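Observations on the model geometry
Residues per chain are reported as follows:
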2 protein chains.
Amino acid sequence: LKILITAGGTSERIDQVRSITNHSTGRLGKAIAEAFSSQDCQIDYVTTRSALLPEAHEGLTLHFIETTQELFNQLQELLTKHSYDAVIHSMAVSDFTPVMNVSEEDFLEKWQGRPIEQESFNNWLAEPSDKETETKISSNTQHLMLIMKQNPKIISYLRQWQPNTLLFGFKLLVDVPKEELLAVAQKSLEKNKLDFVLANDLSQIKDSLHRGYLLDKNGNVEEAETKAKIAELIYQKVKDRKENVR
Amino acid sequence: LKILITAGGTSERIDQVRSITNHSTGRLGKAIAEAFSSQDCQIDYVTTRSALLPEAHEGLTLHFIETTQELFNQLQELLTKHSYDAVIHSMAVSDFTPVMNVSEEDFLEKWQGRPIEQESFNNWLAEPSDKETETKISSNTQHLMLIMKQNPKIISYLRQWQPNTLLFGFKLLVDVPKEELLAVAQKSLEKNKLDFVLANDLSQIKDSLHRGYLLDKNGNVEEAETKAKIAELIYQKVKDRKENVR
């Protein structure tokens, strides 16, 4: 088996001493890697320097990234160069990256007395001046506005880079009804042409509990209650597919 | 000796899965604690769960915080309850904490066609509606504005909570001329009634190098080039003061 796993959470630099970070510890990705590592399996494992790592073994190759853009570049390279039996994208990806920060005084200086119009405002957001993108944060203001732009949606590229792989996405929501969680996950599965999506809710992840629902394209849902069980479920799907393909 | 050390970097939650984090590793604070730990010394060590920790020993008590507000509360409690020979505040503190995030669409919906006026704009920044402070981030917008408000400046409270301690502040700048670094540090020393300030520049912190300048109230500057040497310099100042007081 040859598989690719992403794990942990990206972070986006605000300046040289501050970042916006996704909290994901990498623990689930580690469990998944370990479910595969007892087998004869080559794993490309894409993660961050602050994530927990799976135990090292011969078949495991680590690739470290920090930002969403770096993750994009790394996955594009790996997925267009190699062929994987499965791609398991468990990493929490930052949706936005900071482009400028503006004190309330500077914002008022720019906009005060002018009616805000869509075009000029959008232009300013999209093309801040060099002065405005200086990343140094002034600490002498009551309010600071951090302007962020949307990152590429990495999950939407995976199928195009790797048309025949068994593709697993992940959807984490916070404290929503189970129906909503499954519906949102199902939508992501369809939109991004995934084979499976693991839906989970932060309020159901605690100590040894990690409740996850594995959805497939046909509307089947399987449930697991620990990271090891989730990992095992995913491993079985990859193994079944491999055996059916033979 | 009874001392208090802060180390590492605070982080501020944006929502339940994202934070703004200061990168400080806690390595300098660890070196400082270890310079004191061979002595007969009680150390209250205030840090975060992601920071490197000094080696445990009998005199060392750890206190974990996450946000600037938690740091404020913890320091207020310790510094108004106990008396310390020295307070060494090396933690990197977030200047701002997120209060709301607004998509460009929502911002336009609120402000479009209206001239921005200082009073109404400041009121909005200071008192966002409940809807606007919902912390869930929509990912379906090109630009997101994260509005942050200033945190209390912790260093300005330390002297008032602990009038007679030997008080060390830290000033980290990024790639500035030495004269500017020393001038900014000197200003912090005066403004916050510190006894010493350790001035350092991120561009001079690399591998084993950590260049630091220890400034005192009389304009004296001592230089060190490693974390261990900085820690030793600070330890010597505390020891000298203790001996002179006796």
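Quick note: structure is the one above.
Residues numbered from 1 in each chain as written. Chains lettered and ligands numbered in written order. Predicted model: local features only at pLDDT ≥ 70, side-chain atom pairs only at ≥ 80, totals over all residues. Heavy atoms only, no water.

Quick notes on the overall build of chain A
Secondary structure summary: chain A contains 8 helices and 12 strands in total. Within chain A, the fraction of its 246 residues that count as buried is 50%. In chain A, once contacts between residues fewer than 6 apart in sequence are set aside, the share between residues at least 24 apart is 66%. Of the roughly 12000 Å² that chain A leaves accessible, carbon and sulfur atoms contribute 45%. If you average the places of the 29 positive and of the 36 negative side-chain charges in chain A, the two averages end up 4 Å apart. (Helix = DSSP H or I, 4+ residues; strand = E, 2+ residues; numbered from the N terminus. Buried < 20%, exposed > 50% of the residue type's maximum accessible area, 1.4 Å probe, protein only. Contact = heavy atoms within 4.5 Å. Areas by Shrake-Rupley, 256 points an atom, 1.4 Å probe, with all protein chains shown as cover. Lys, Arg positive; Asp, Glu negative; His and termini not counted. Charge placed at Lys NZ, Arg CZ, Asp CG, Glu CD.)

Describing the pairing of strand β7 (residues 96–103) of chain A
All names here are of chain A. Of all 8 residues in β7, 7 are buried, a share of seventy percent or more. Bridge count for β7 against strand β8 (residues 143–150) is 7 bridges, and the pairing is antiparallel. By the bridge assignment, V102 is partnered in β8 with M145. (Pairing = 2+ DSSP bridges.)

Concerning unusual backbone geometry
All names here are of chain A. Unlike most non-glycine residues, D175 shows phi in positive territory, near 55 degrees. Structurally, the position occupied by D175 is in the loop between β9 (166–173) and α7 (178–191). D175 sits in the exposed class, given a relative accessible area of 59%. For K193, which is not glycine, the phi dihedral falls at a positive 50 degrees. Within the secondary structure, K193 sits in the loop between α7 and β10 (196–206).

Notes on the packing of aromatic side chains
One pass over the full model with this rule turns up 23 aromatic pairs over all chains. Centroid distance F107(A) to F107(B): 5.9 Å. Interplanar angle 85 degrees. Geometry classified as edge-to-face. With F107(A) in helix α3 (residues 104–111) and F107(B) in helix α3 (residues 104–111), this pair bridges two chains. Just as F107(A) is buried, F107(B) falls in that class too. The rings of F107(A), W111(A), F121(A), W124(A), F107(B), W111(B), F121(B) and W124(B) are connected pair by pair, giving a single aromatic cluster. (Phe/Tyr/Trp six-rings, centres within 6.5 Å; stacked < 30°, edge-to-face > 60°.)

Quick word on helix α2 (residues 68–81) of chain A
All names here are of chain A. When the terminal C-alpha atoms of α2 are compared, their 20 Å separation across 14 residues agrees well with the 20 Å that a helix rising 1.5 Å per residue should span. For α2, every residue scored as buried is listed here: T68, L71, F72, Q74, L75, L78 and L79. Contacts made by the buried residues of α2 are with β1 (2–6), β2 (11–13), β4 (42–47), β5 (60–64), β6 (86–89) and α6 (158–161). (Expected span 1.5 Å × (residues − 1).)

Some details on the relation of the copies chain B and chain A
Taken as rigid bodies, chain B and chain A are interconverted by a rotation of 180 degrees and an axial shift of 0.0 Å, the fit giving an RMSD of 0.0 Å. Accordingly, the operation relating the two chain copies is best matched by a two-fold axis. (Least-squares fit on C-alpha atoms with pLDDT ≥ 70 in both.)

Description of the interface of chain B and chain A
Opposite the 44 residues of chain B that make contact, chain A presents 44 residues. Counting each side, the surface lost to burial between chain B and chain A is near 4100 Å², with a carbon and sulfur contribution of 60%. Taken together, the links from chain B to chain A amount to 2 salt bridges. Here D95(B) and R18(A) are joined by a salt bridge, their closest N and O atoms 3.3 Å apart. The interface formed by chain B and chain A includes 21 residue pairs in polar contact (both at pLDDT 80 or more). The set of elements that each furnish at least two residues to the side of chain B that touches chain A consists of β3 (18–22), α3, α4 (118–126) and β8 (143–150) of chain B. Looking at which element gives the most residues to the side of chain B that touches chain A, the answer is β8(B), with 8 residues. Inspection of the sheet shows β8(A) paired to β8(B) by 7 bridges, in the antiparallel sense. Across the sheet, the residue bridging to H143(A) is K149(B), located in β8(B). (Buried area = accessible area lost by both parts, 1.4 Å probe. Salt bridge = Lys/Arg side-chain N within 4 Å of Asp/Glu carboxyl O. Polar contact = N/O pair within 3.5 Å; in protein donor to acceptor, adjacent residues only side chain to side chain.)

That is the geometry; function is a separate question.
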